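# Overview (structure and organization)
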Amino acid sequence: MKTLQVLLIASFGVLLASTVPLGQHGKRRLIKVSEFEPPKWLNDKEIWGLLEKDIHFMDITDIKNFSEKKPEISQNKGIPTELKYEALVSQAFGSINLGRIETFIQTFSDFHNRYYDAENGVISQRWLLEQVKSSIRDYAGNVSVIEIEHDWLQNSIIARIDGADPTLRSQVVILGAHQDSINTNGITLRAPGADDNASGCITVLETLRAIVQNGIIPNRTVEFHWYAGEERGLLGSLDIAQRYKEANVQVFAMVNLTSWARKIANGESGTDYLVAFSNVSLIWERSGSKGLSKLVEYYVDGNDDIAIVTDYVDNELTQFLRVLIDGYLSFGRRERECGYACSDHAAWTQNGFPAARPTQAVRNGQMHTLNDTIGTVSFIQVREFVKLATGFLVELADVSRVVFTSN
């Protein structure tokens, strides 16, 4: 077997020699599971052991000059502290289409899985790419879509709207979500990934559609990211964030959208559950010729709050998420930690960029199994996160003008 001699600098500053097998999938990888521990070379079986135990990690095998210390995030004095575009944001909410959201999640979760280094991951990515391309037609601004190739099979996708202001356009506002799915019992097994992370992917896409359909031309450049390989150590986002750092891209703000569509229960099968709570929101649907009402979902206050992640994030940007939730959403909010490398925002934080993450307050226990299906998804909750993402983009990208097309 061919080997590559690599010099590792351990956290205590000693140079160590290590023999590392060449290759991507199925070979030893340099894995970091904690801010306070040095990375270790692990084989595929050991990595799957981390996944089975739900231990988050970064795969830093291909990362140049990885910093063992938590990087200092540059002070961003431009993050607003209050809302400015309430009327325009509220208007954009009218473009959110629950039927379109449901259709996307159903189709995306119908793929056997979306594993990043397998054929299904490629086919699902190509389907997603077509959805992104079709969403930007007839946009009045300057917009483009590109694929980012990596050292594995699945590509990442970036849609970019160029900023209109000559000064502000160099600053980039990013919405990101990972597109891959995984079943931690095995690579080839069914992994629908409806909540994790079809819900995040459609939130990014539906936000893009809201910007396009309302003819919003931003002053700052806006990017919409769909990452490959998050489930195997934030691979796609680490690769892209490192490229941005090397190219001196001015990332003004990044928000990561992952796993937030967990439905607490179905009203028809769990109505007895309601009596145990005093703070319950009921969602009714009127149907039939007589307009009869049907209880389709209910939300227990606290369980259905938007959770704001408070570790490995930018404090100023996280505070503005609180402002956005209070100003634009129907749901309440709470705070939680998610630990080291829990999702793609950590890749941007690791590279010194301001990043934040809102998520669901109660973790979906069906994630990374064959049971993460569309039946676990609350479309009402997805809509709330689309509202949050739309408010985030409009407020932070700043608005140059609004241009409606004939369509």
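What you are looking at is a predicted structure, and each value in this text was computed from that prediction instead of being measured.

Cut-off values and rules
- Residues numbered from 1 in each chain as written.
- Predicted model: local features only at pLDDT ≥ 70, side-chain atom pairs only at ≥ 80, totals over all residues.
- Heavy atoms only, no water.
- Disulfide = S-S within 2.5 Å.
- pLDDT = per-residue confidence, 0-100.
- Contact = heavy atoms within 4.5 Å.
- Pairing = 2+ DSSP bridges.
- Helix = DSSP H or I, 4+ residues; strand = E, 2+ residues; numbered from the N terminus.
- Axes fitted to C-alpha atoms, helices over the stretch in contact; angles between N-to-C directions.
- Parallel < 35°, antiparallel > 145°, perpendicular 65-115°, else oblique.
- Left-handed = near helix turned anticlockwise from the far one by under 90°.
- Nonpolar A, V, L, I, M, F, W, Y, C, P; charged D, E, K, R; others polar.

## Remarks on the state of the cysteines
Under the criterion given, the structure shown has 1 disulfide. Disulfide pairing places Cys-338 opposite Cys-342 at an S-S distance of 1.9 Å. Disulfide Cys-338-Cys-342: torsion about the S-S bond near -40°, hence left-handed.

## Focus: the confidence of the model for the protein
Residues at a pLDDT of 70 or more form 79% of the protein, whose mean pLDDT is 84. This model gives residues 1-23 a pLDDT under 50, and the stretch forms 38 contacts once residues within four places in sequence are excluded. Overall, residues 265-302 carries pLDDT values under 50, and its contacts beyond four positions in sequence, including any with other chains, amount to 63 contacts.

## Details of the sheet that holds strand β15 (residues 333-336)
Pairing is mixed in the open sheet, where 3 strands are placed in the order β15-β14-β17. The open sheet has two edge strands with one neighbour each: β15 and β17 (358-360). Neighbouring strand axes in the sheet, compared pairwise and without regard to direction, differ in orientation by 40° on average. Bridge count for strand β14 (residues 306-309) against β17 is 3 bridges, and the pairing is antiparallel. The residue of β17 that forms the bridge with Ile-306 is Gln-360. Here helix α8 (residues 315-328) sits on the sheet in contact with β14, β15 and β17, set at roughly 165° to β14.

## Digging into the packing of helix α2 (residues 86-93) against helix α10 (residues 379-397)
Taken N-terminus to C-terminus, the directions of α2 and α10 make an angle of 140°; their axes are 10 Å apart at the nearest point. It follows from the interaxial angle that α2 and α10 lie oblique. Of the two possible hands of crossing, α2 and α10 adopt the one that is right-handed. Side by side, α2 and α10 meet where Glu-86, Leu-88, Val-89, Ala-92 and Phe-93 of the first sit next to Lys-387, Thr-390, Gly-391, Val-394 and Glu-395 of the second. Partitioned by chemical class, the residues of the contact of α2 with α10 number 5 nonpolar, 2 polar and 3 charged.

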